[in-house]
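# Fold and geometry: a report
As a plain string of letters, each chain reads:
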Amino acid sequence: MEKITLTPQGGETIELYVLEQTRLGGVNYLLTTDEETEDGEAYILKEVFRDGQNISYEFVEDDAELDAMGTVFASLLEDEEIDLV
């Protein structure tokens, strides 16, 4: 499983595991979790900047966007044993 590291400005480094990725409306989205093998918290991130090797993501916080992307990822993972609640 691919792992990404986020470093928020002035914050502590966060490591997340990528469960799935997709592109919708010209925007790249990632479904991530904080645990590689156990039940963990799921987070949806969207790409907000790309310049060569540098990519910036932010957590999706808008409820409508979060619901829409949750539905997309649930559809993509319907054959997997992952519950998106």
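Everything in this summary refers to the structure shown in the same document. Since the structure is predicted, the reported quantities are computational estimates derived from the model, not experimental observations.

### Quick notes on the overall build of the protein chain
The helix and strand inventory of the protein chain stands at one helix and five strands. Helices and strands appear in the protein chain in the N-to-C order β-β-β-β-β-α. In summary, the protein chain has a C-alpha radius of gyration of 13 Å against a globular reference of 12 Å for 85 residues, a match within 12%. Its C-alpha atoms give the protein chain principal-axis dimensions of roughly 35 × 30 × 25 Å. Looking at the protein chain as a whole, 24% of its 85 residues are labelled buried. Look at the contacts in the protein chain between residues 6 or more apart in sequence, and 26% of them connect residues 24 or more apart. Of the roughly 6,300 Å² of accessible surface on the protein chain, 40% is carried by carbon and sulfur atoms.

What counts as what
Residues numbered from 1 in each chain as written. Predicted model: local features only at pLDDT ≥ 70, side-chain atom pairs only at ≥ 80, totals over all residues. Heavy atoms only, no water. Helix = DSSP H or I, 4+ residues; strand = E, 2+ residues; numbered from the N terminus. Rg over C-alpha atoms; globule rule 2.2 N^0.38 Å. Buried < 20%, exposed > 50% of the residue type's maximum accessible area, 1.4 Å probe, protein only. Contact = heavy atoms within 4.5 Å. Areas by Shrake-Rupley, 256 points an atom, 1.4 Å probe, with all protein chains shown as cover.

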